[in-house]
Amino acid sequence: MTTAPRIDQVFDFDELLSEEERDWQQRARAIAQERILPIIEDDFEQKHFRKELIPELGAAGFLGMHLTGYGCAGAGAVSYGLVCLELEAADSGWRTFVSVQGSLAMSAIHKYGSEEQKQQWLPGMAKGELIGCFALTEPQGGSDPAAMTTVARRDGDGWVLDGAKRWIGLASLADVAVVWARVEDDSLPSTGSGNQGGKAVRGFLVPTSTPGFTATPIDGKLSMRASVQCDIELDGVRLPADAILPGAEGLSGPFGCLNEARYGIVWGAMGAARSCLEVALDRSISREVFGKPIGANQLTQAKLADMLLEVEKGMLLALHLGRRKEAGRLTPAQISVGKLNSVREALAIAHEARTILGGDGITNAFPVMRHAANLESVRTYEGTDEIHQLILGRALTGLNAF
């Protein structure tokens, strides 16, 4: 059993968890520390995503773990959050993988797919034998999906997709892409609940071997370097009639999946924050200046105390949201509170931890700069700070500023 971090001895968070939840956390912590941490700095440097670890995550039950049936674990929301916490304590790229696979691609199929689609894809994805991606964001920007330009038009008994997507995680590795497109088919009815019938956004399951589907990894990244994000081109991609997700109508479809991913980030970002605090704490004790450990100085202790406060407040917020999710009472605005707070505070903690590490803090001898770089991506995807501020502003005022 891995020894708990010292910060847990100050605030006994474990007492708030069930035995099953602690078991999920310890399993994720073991994989993170034994399989990811020893190689992550080199993978980050070499821009390498270690695909061979995926079946191990599947065997551990982490892929689509919050879903039920089809080989999925059916775990609680808090257990899933704790797994996200431990994986992102190692690297945001690995929590991102679990999120893209489980909270986005698998959730889309589980929520909106036909029984045949679920049987075809979910068992293999849960095992890590098949990889999925979630293609929503487009090159002109991701914050306004209503302006989507990717289209799906009827062609005989099937569909033809044309368009482009950008910043799509795992796309070049994926076996299936959940592609969101605006349909051009006047035969599709409007539901009167935001679905525009023949002009609505709909989801399609696109095997990535389909002619006309091209995924190209984005190079030049200074963040998420041990992960894969891609441009996708859809050039006359022909699909059968049953490629459409029958249960997804309008933008509520992709938003339902985004909220699943945003929830995982609430926990995951606190894992990165905890990692930064831990290494700063260790360094404050081992590094001596003016004849004593720098942790014996008041300014350093004040920094450590402030970082601890934000980690523990973020953890308590994540737990509160997890319990609400398990009770079926979690709202999108509450998720926005968590995502906005966790990532904002995690970045602040990373920056403060770096000051305690001094000049060595900018090297890969410590994970702090890697976490800070990754968190800039986490801050941007699944809704920027500004988008979540506007969601909360709308909840407060009843006025839509989008």
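Refer to the structure printed above.
Let me begin by describing the structure that accompanies this report. Throughout this document, residue positions are counted from 1 along each chain, in the order its sequence is written. Only residues with pLDDT of at least 70 get local features here, since the model is predicted, and only at 80 or more are side-chain atom pairs given and counted; chain-wide, interface and lining totals rely on the full set of residues. With hydrogens and water excluded, all non-hydrogen atoms of the structure serve as input to the side-chain values.

## Some points on the overall build of the chain
We count a stretch as a helix when DSSP gives it H or I for four or more residues in a row; a strand needs E for two or more, and each element gets its number in order from the N terminus. From N to C terminus, the chain includes eleven helices and eleven strands. Throughout, the radius of gyration refers to the C-alpha atoms, and the reference size of a globule is 2.2 Å times the residue count to the power 0.38. For the chain, whose C-alpha radius of gyration is 22 Å, the value lies close to the compact-globule estimate of 21 Å for 402 residues. Counting only C-alpha atoms and orienting by the principal axes, one finds that the chain spans roughly 80 × 45 × 40 Å. Every one of the 402 residues in the chain was classed for burial, and the buried ones make up 56%. Considering only contacts within the chain whose residues lie at least 6 apart along the sequence, 77% involve residues at least 24 apart. The accessible surface values rely on the Shrake-Rupley method and a 1.4 Å probe; as for residues, cover is taken only from the protein chains in view. In the form shown here, the chain has an accessible surface area of approximately 16700 Å², with 52% of it arising from carbon and sulfur atoms. Positive charges come from Lys and Arg alone, negative charges from Asp and Glu alone, with His and the N- and C-terminal ends not counted. To locate a charge, the coordinates of NZ of Lys, CZ of Arg, CG of Asp or CD of Glu are taken. Positive and negative side-chain charges of the chain, numbering 39 and 51 respectively, have mean locations separated by a distance of 3 Å. Buried, partly exposed and exposed residues are distinguished by accessible area as a fraction of the type maximum, computed with a 1.4 Å probe on protein chains only: under 20%, between the cut-offs, and over 50%, respectively. By the convention used here, residues are in contact when the closest approach between their heavy atoms is within 4.5 Å.

## Some points on the pattern of salt bridges
Salt-bridge detection follows one rule: a side-chain nitrogen of Lys or Arg within 4 Å of a carboxyl oxygen of Asp or Glu. Taken as a whole and judged by the stated rule, the model has 21 salt bridges. Residues Lys165 and Glu138 are paired through a salt bridge, measuring 3.1 Å at the closest nitrogen-oxygen approach. Taken together, the positions of Lys165 in strand β5 (residues 158-169) and Glu138 in the loop between β3 (132-135) and β4 (151-155) put the pair 27 residues apart, joining distant regions of the chain. Taken individually, Lys165 and Glu138 each receive the classification buried, so the pair is uniform in this respect.

## Looking at the layout of surface pockets
Taken as a whole, the largest pocket spans an internal volume of roughly 1000 Å³. Sorting the residues of the lining of the largest pocket by element identifies α5 (92-112), β5, α7 (252-286), α10 (368-380) and α11 (385-397) as the ones contributing at least two each. The element contributing the most residues to the lining of the largest pocket is α5, with five residues. Looking at the lining of the largest pocket residue by residue, the classes come out as 18 nonpolar, 15 polar and six charged. Here a cavity is any set of points on a 1 Å grid over the protein atoms alone where a 1.4 Å probe fits but cannot get out, and a pocket is any open set with protein on both sides within 12 Å along at least 5 of 7 lines; a residue lines the site when it has an atom within 4 Å of a point. Grid points are joined across faces, edges and corners, and a volume is the space filled by probe spheres set on the points. Each residue receives one of three labels: charged for Asp, Glu, Lys and Arg, nonpolar for Ala, Val, Leu, Ile, Met, Phe, Trp, Tyr, Cys and Pro, and polar for the others, Gly being one of them.

## Topic: a nonpolar patch on the surface
Like-charged residues are merged into a patch within 9 Å and nonpolar side chains (Val, Leu, Ile, Met, Phe, Trp, Tyr) within 5 Å, provided each residue has over 30% relative accessible area and no salt bridge. Taken together, the side chains of Val10, Phe11, Leu16 and Leu316 present a nonpolar region at the surface, about 340 Å² in accessible area. Note on Leu316: relative accessible area 35%, which makes it partly exposed.

## Brief notes about the side chain of Arg324
Within the secondary structure layout, Arg324 lies in helix α8 (residues 298-326). Buried charged residue Arg324 carries no salt bridge. Nearest counter-charge: Glu326, at 11 Å. Excluding residues that lie within four positions of it along the chain, Arg324 makes contacts with Arg329, Leu330 and Gln334.

## Topic: the environment of Val179
Tracing the chain through its elements places Val179 in strand β6 (residues 176-184). Each residue touching Val179, except ones within four places of it in the same chain, is listed here: Ala135, Leu161, Lys165, Arg202, Gly203, Phe204, Val206 and Leu234.

## Some words on helix α6 (residues 115-127)
Under the 1.5 Å per step criterion, the end-to-end length of α6 is 19 Å for 13 residues, consistent within 8% with the ideal 18 Å. Note on bend: the value at a residue is the angle between axes fitted to the seven residues ending there and to the seven starting there. Taking the largest bend as the criterion, α6 deviates by roughly 30 degrees, centred on Trp121, and proline Pro123 comes between one and four positions later. Turning to α6, its buried residues are Gln117, Lys118, Trp121, Leu122, Gly124, Met125 and Ala126. Those residues of α6 that are buried are in contact with α3 (54-59), β2 (72-73), α5, β3, β6 and β7 (201-207). A helix is expected to reach a length of 1.5 Å times the quantity of its residues less one.

## Regarding the packing of α7 against α10
Each axis is a line fitted through C-alpha atoms, and for a helix only the stretch in contact is used; angles between axes span 0 to 180 degrees, taken between their N-to-C directions. Relative to each other, α7 and α10 sit at 160 degrees, their axes nearing to 10 Å. The pairing of α7 with α10 is recorded here as roughly antiparallel in orientation. Note that α7 runs across α10; the crossing there is left-handed. Residues Ile265, Ala269, Ala272, Ser275, Cys276 and Val279 of α7 touch α10, and the partners they reach there are Val368, His371, Leu375 and Val378. Broken down by class, the residue content of the contact of α7 with α10 amounts to eight nonpolar, two polar and no charged. Roughly parallel refers to an angle under 35 degrees, roughly antiparallel to one over 145, roughly perpendicular to one between 65 and 115, and oblique to any angle outside these ranges. In a left-handed crossing the near helix is turned counterclockwise from the far helix by less than a right angle, and in a right-handed crossing that turn is clockwise.

## What about empty space enclosed by the protein?
Counted under the stated rule, the structure contains two cavities of 30 Å³ or more. The space that makes up the largest cavity amounts to roughly 60 Å³. What lines the largest cavity is simply Ile7, Asp8, Phe13, Asp14, Gln25, Arg29, Leu85, Arg274, Val311, Glu312 and Met315. Considered class by class, the residues forming the lining of the largest cavity number five nonpolar, one polar and five charged.

## Here we look at the state of the cysteines
Two cysteine sulfurs form what is called a disulfide whenever their separation falls within 2.5 Å. Overall, the coordinates contain zero disulfides when judged by the stated rule. Looking at Cys257, it has no disulfide partner, and the nearest cysteine sulfur is the one in Cys133, 13 Å off. Its relative accessible area of 0% is what places Cys257 among the buried residues. Take Cys276: it sits in no disulfide, and the sulfur closest to it among the cysteines is that of Cys84, at 17 Å.

## Points about the pairing of β5
Side-chain positions along a regular strand alternate between the two faces of the sheet. Strands are treated as partners if at least two bridges between them are detected by DSSP. Relative to β5, β4 runs antiparallel, the two being bridged by five bridges. Bridge pairing in β5 links Val151 to Asp162. Sheet topology note: the β5/strand β9 (residues 229-239) ladder contains eight bridges and is antiparallel. Paired with Leu161 across the two strands is Val237, which belongs to β9.

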